[in-house]
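Spelled out, the chains give:
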Amino acid sequence: MFFITYLRRELRCRMRQAVFIALGLALGVGLVVTVAAASAGVNKAQSGVLSALYGVGTDITVTGNAPPPHYSSAGSTQPAKVTPPSKNGQTLQISPGGGAQICDNGHCVNAAGRTYDRLIPPYQEPISASTVAVVARLHDVAAAAGVLTLVDSAITYPANSAGSPQLATFTVDGVGTGHTPVGPLAAATISSGHFFTAADSHADVAVVDSGYAASSNLKTGSTITINQVRFTVIGIDTQPQETSPPDVYIALARAQTLATATKNLGGSVANTVNLIYVAAASAADIPVVQHEISRRLPGDIVTAAGSLASQVTGSVSTAARLTSDLGKWVSVLVLIAAFAVASLLTMAAVARRAAEFGTLKALGWPTRRIIAQVLGESLATGIAGAAAGIGLGFAGAAIIAAVAPRLSATAPSSTIGSMQQVIQAGGTALGNRTVVVPLSPSITIGVIVLAVILAMAGSLLAGALGSWRIARLRPAGALALVA
Amino acid sequence: MYKLTGVTKEYQKGRAVVGALQGVDLTIADGEWLAVQGRTGHGKSTLLNLLGGLDRATGGTVELDGTDLGALRETQLTRLRAQSIGFIFQTFNLIPTLSAAENVEAALIPLRVSQAGRKARTAGALESVGLADRAAHLPTELSGGQQQRVAIARALVKEPKVLLADEPTGNLDEDTRDDIIGLLEHLWRDRGLTLILVTHDTSIARRAQRTGVMTNGHLTIRQESPNL
């Protein structure tokens, strides 16, 4: 085909210029791809942060409010009423001699060589477990799951008075034994053993997060002590990388029983949860669902992902601003420069080839045929630029992935308000929760298509400007230039 | 047949208006060979451009077979050039990136000739100018005479009625010049072309049927040879 032959010969003959234009476009496109990849990575990190704070697939969370001075309420979200502390479980007291002693049902022993183990629920109003069903039945709610988040805190006293007590804590989530599309286990995969079954509702069995299992040398069949009760590990689960899951899961009913049995708790958590995960039927339904839950549960904190996202601070937010502001504008400037260079070089090439185009016009070539030839050459250069740009973009994304530090995000824990978050914050930033997520730039098909479109647009712009000159070229004038 | 009546052509040069042609009247019969001589800048190439539909007259009419070229739209003029008029230039004007055969083939592109037809006609045209064995060569790999032969093949491959040659031997040595003029004369006789040839060379002009001389935009027919 003559068109292809002519195009190929021209590009080969003007290889240096074609390569220069293609590289210019590639640089611009590559930068756009890199920034888009970084932006996607930051978005993914942000999404990861929200998942970590929220749980994968969760749109809204409901948590109890901070309690009044006399904390209680037996499974109700109604105003609390004072109830006496539980008479069950251990208490830690100071002996008349000044040493620590562990008391159990009025019988006290010296704490030396013993472990004082208790299960602590969050310092917030519990929510009746029946509320979960009420929320789940709301219009536009796809699913809801209630969780009782707890912290097991064990203080081990040395046998002799020379040493100091050792504190060990881990987080425990009481979860439903059936599978739900939301909740702390929604995105988990079991790497060993199995999840809970309906028969495990009151059993002393636990599923342990793989990270905690590795650090505590636990495996399926091992035992773990929670509130002085030995639980058998029936499964090891793995959560998505960016999430920060609890360490141990036990059946919700068992968690309620254990937490209720804890003495000096300040109230009962029987038949309660302290966190409800809610998934809306669609993203558009989230505001309506949030409003409806807030209306029905006026005493509780209802938080949507969007409002939480706006409260997230830290390097992930800085990176998001960097990619959306600086990265975007640098890309735009480089693209404009690349387009301008491509256009100027194409215009110059057309000027240099005036005699050639004049000759073609003298031979009877219609102007549109000549323009098609020039546009074809520009498009071919654009395709090369797009390919090189995508390559540069992948390289840029790989470099970012290799050198970028892990991003941190801090969210005020009041948005969720569980004790678990306070513990996971390391106790250093009470009231805030910091999650560290990796920055993994990702190049999607959409970005690749965008790169191709941009390179094509740049080359077509250059070709169009060249074509404009050709259209204005009078054959006699062009031939006179040669003479 | 060409019929030029009171043809003028003016160019704007800064604020001044330059008259390149000033009332040219001329009739060129079909199959005639007209040589046009004159000093540089006296309107020879302008006349050729108007005859070839590469430019438009400022005044008067240029008719080819009864069609006023000045009244045609650009697309019609382009089609006319593609079908009926062949050009040969002093600087050959071959496309440097295309081979000899591809340069010749380029003249058939606007005529929508099939690829097989283009190949056959290109081969025939190169054969007729004695360059069948140079078909794959790039212009830079050919001598000046060979390049002009390729240009002649390109002009003739579409079998035009009119061949316009603007100093076709201006860049050639004496021997090559004679070869090229001999070839043109042969093709003119053989194909019954209307040949209008601009030249500085009087010996070439003498071989034409008629010779016109351009002086300050005016054309004077000086010689009518026995060929007429």
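Residues numbered from 1 in each chain as written. Chains lettered and ligands numbered in written order. Predicted model: local features only at pLDDT ≥ 70, side-chain atom pairs only at ≥ 80, totals over all residues.

Overview of the overall build of chain A
Helices and strands together make up the secondary structure of chain A, namely 13 helices and 18 strands. Residue burial in chain A is summarised as follows: out of 483 residues, 47% are buried. Counting contacts in chain A only where the partners sit at least 6 residues apart, residues at least 24 apart contribute 82% of the total. (Helix = DSSP H or I, 4+ residues; strand = E, 2+ residues; numbered from the N terminus. Buried ≥ 20, exposed ≤ 12 C-beta atoms within 10 Å, placed from the backbone. Contact = placed C-beta atoms within 7 Å.)

Let's talk about the overall build of chain B
Along the backbone of chain B there are seven helices and ten strands. Every one of the 228 residues in chain B was classed for burial, and the buried ones make up 50%. A fraction of 68% describes how many contacts in chain B between residues 6 or more apart in sequence connect residues 24 or more apart.

Observations regarding the interface of chain B and chain A
Counting residues at the interface gives 22 residues for chain B, matched by 21 residues for chain A. Within the residue set of the side of chain B that touches chain A, elements represented by two or more residues are helix 1 (44-51), helix 2 (74-84) and helix 3 (100-106) of chain B. When residues in the side of chain B that touches chain A are grouped by element, the largest group, five residues, is from helix 2 of chain B. For the side of chain B that touches chain A, the residue count by class is nine nonpolar, eight polar and five charged. (Nonpolar A, V, L, I, M, F, W, Y, C, P; charged D, E, K, R; others polar.)

Some points on the confidence of the model for chain A
Atom-level detail of predicted coordinates should not be read off regions where pLDDT is low. All names here are of chain A. Considering every residue of chain A, the mean pLDDT works out to 79; 79% of them sit at 70 or more. Confidence over residues 70-88 falls short of pLDDT 50; this stretch has 51 contacts with residues more than four positions distant or in other chains. In this model residues 414-430 is a low-confidence stretch, pLDDT under 50, and it forms 44 contacts with partners more than four residues away in sequence or in other chains. (pLDDT = per-residue confidence, 0-100.)

Here's the deal with the sheet that holds strand 5 (residues 67-68) of chain B
All names here are of chain B. Sheet architecture is open: four strands sit in the order 2-1-4-5, paired in antiparallel fashion. Edge strands, defined here as strands with exactly one partner in the open sheet, are strand 2 (16-28) and strand 5. Bridge count for strand 1 (residues 2-13) against strand 4 (residues 59-64) is five bridges, and the pairing is antiparallel. Counted as the bridge partner of Lys3 is Glu63 from strand 4. (Pairing = 2+ DSSP bridges.)

A few points about the nonpolar core
It is characteristic of soluble globular proteins that their nonpolar side chains tend to be buried jointly. Counting residues in each nonpolar core, the largest one holds 86 residues, and the members touching the most others are Val104, Leu126, Ala153, Leu164, Leu195 and Ile196 of chain B. Broken down by element, the residue count for this core peaks at six residues, all from helix 5 (residues 144-156) of chain B. Residues contacting Leu164 of chain B, with those up to four places away along its chain left out, are Leu48, Leu51, Gly52, Ile85, Phe87 and Ile196 of chain B. By size, the runner-up hydrophobic cluster in this structure holds 56 residues, among which are Val132, Phe196, Tyr249 and Ala304 of chain A. (Core = buried A, V, L, I, M, F, W, Y, C linked by C-beta atoms within 7 Å.)

What to know about the pairing of strand 4 (residues 107-110) of chain A
All names here are of chain A. When strand 3 (residues 100-104) meets strand 4, the two strands line up antiparallel, connected through four bridges. Across the sheet, the residue bridging to Cys103 is Cys108, located in strand 4. Connecting strand 3 to the antiparallel partner strand 4 that follows it, the hairpin turn spans two residues, and Asn105 within it adopts a positive phi of roughly 55°.

Quick look at unusual backbone geometry
Of note in this structure, Asn217 of chain A is not a glycine but carries a positive phi near 55°. The exposed category is assigned to Asn217 of chain A, around which 7 C-beta atoms lie within 10 Å. Notably, Asn216 of chain B is not glycine yet its phi reads approximately 50°, a positive angle. As for its position among the elements, Asn216 of chain B is in the loop between strand 9 (210-215) and strand 10 (218-224). Under the C-beta neighbour-count criterion, Asn216 of chain B is labelled partly exposed, with 13 such atoms within 10 Å.

Quick look at helix 6 (residues 286-296) of chain A
Residue and element names in this part refer to chain A. For helix 6, the complete set of buried residues consists of Ile286, Val289, Gln290 and Ile293. All buried residues of helix 6 project into a common sector of 100° when viewed along the axis, lining one side. Exposed residues on helix 6 whose side chains face more than 90 degrees from its buried face are His291 and Arg295. In the core, the buried residues of helix 6 are packed alongside strand 1 (60-64), helix 3 (129-136), strand 7 (141-156), strand 15 (275-280) and strand 16 (300-304). (Arc of directions from axis to C-beta.)

Focus: the confidence of the model for chain B
Of all residues in chain B, 97% attain a pLDDT of 70 or more, and the chain-wide mean is 91. Prediction confidence for the complex, expressed as pTM and ipTM, is 0.63 and 0.92 respectively.

Here we look at the packing of helix 5 of chain B against helix 6 (residues 174-191) of chain B
Residue and element names in this part refer to chain B. Orientation of helix 5 relative to helix 6, taken along the N-to-C sense of each, is 15°, at an axis distance of 10 Å. Of the possible angle classes, the one that applies to helix 5 and helix 6 is roughly parallel. Once helix 5 is placed against helix 6, the crossing between them reads as right-handed. Contacts between helix 5 and helix 6 involve Gly144, Gly145, Gln148, Arg149, Ile152 and Leu156 from the former and Thr176, Asp179, Ile180, Leu183, Leu184 and Leu187 from the latter. Partitioned by chemical class, the residues of the contact of helix 5 with helix 6 number six nonpolar, four polar and two charged. (Axes fitted to C-alpha atoms, helices over the stretch in contact; angles between N-to-C directions. Parallel < 35°, antiparallel > 145°, perpendicular 65-115°, else oblique. Left-handed = near helix turned anticlockwise from the far one by under 90°.)

Some details on the pairing of strand 12 (residues 229-238) of chain A
A regular strand places its side chains so that they alternate between the two faces of the sheet. Residues and elements named next belong to chain A. Inspection of the sheet shows strand 9 (residues 189-193) paired to strand 12 by four bridges, in the antiparallel sense. Bridge pairing in strand 12 places Ile190 opposite Asp237. Inspection of the sheet shows strand 11 (residues 223-226) paired to strand 12 by four bridges, in the antiparallel sense. Paired with Ile224 across the two strands is Phe231, which belongs to strand 12. Counted along the chain from strand 11 to the antiparallel partner strand 12, the turn is two residues long, and its residue Asn227 has a positive phi close to 55°.

Here we look at the environment of Glu10 of chain B
Residue and element names in this part refer to chain B. Relative to the assigned elements, Glu10 resides in strand 1. Once the C-alpha coordinates of Glu10 and Thr46 are considered, the two residues, 36 residues apart in sequence, prove to be 9.9 Å apart. Those residues in contact with Glu10, other than ones at most four positions away along the chain, are Val17, Val18, Gly19, Ala20 and Thr58.

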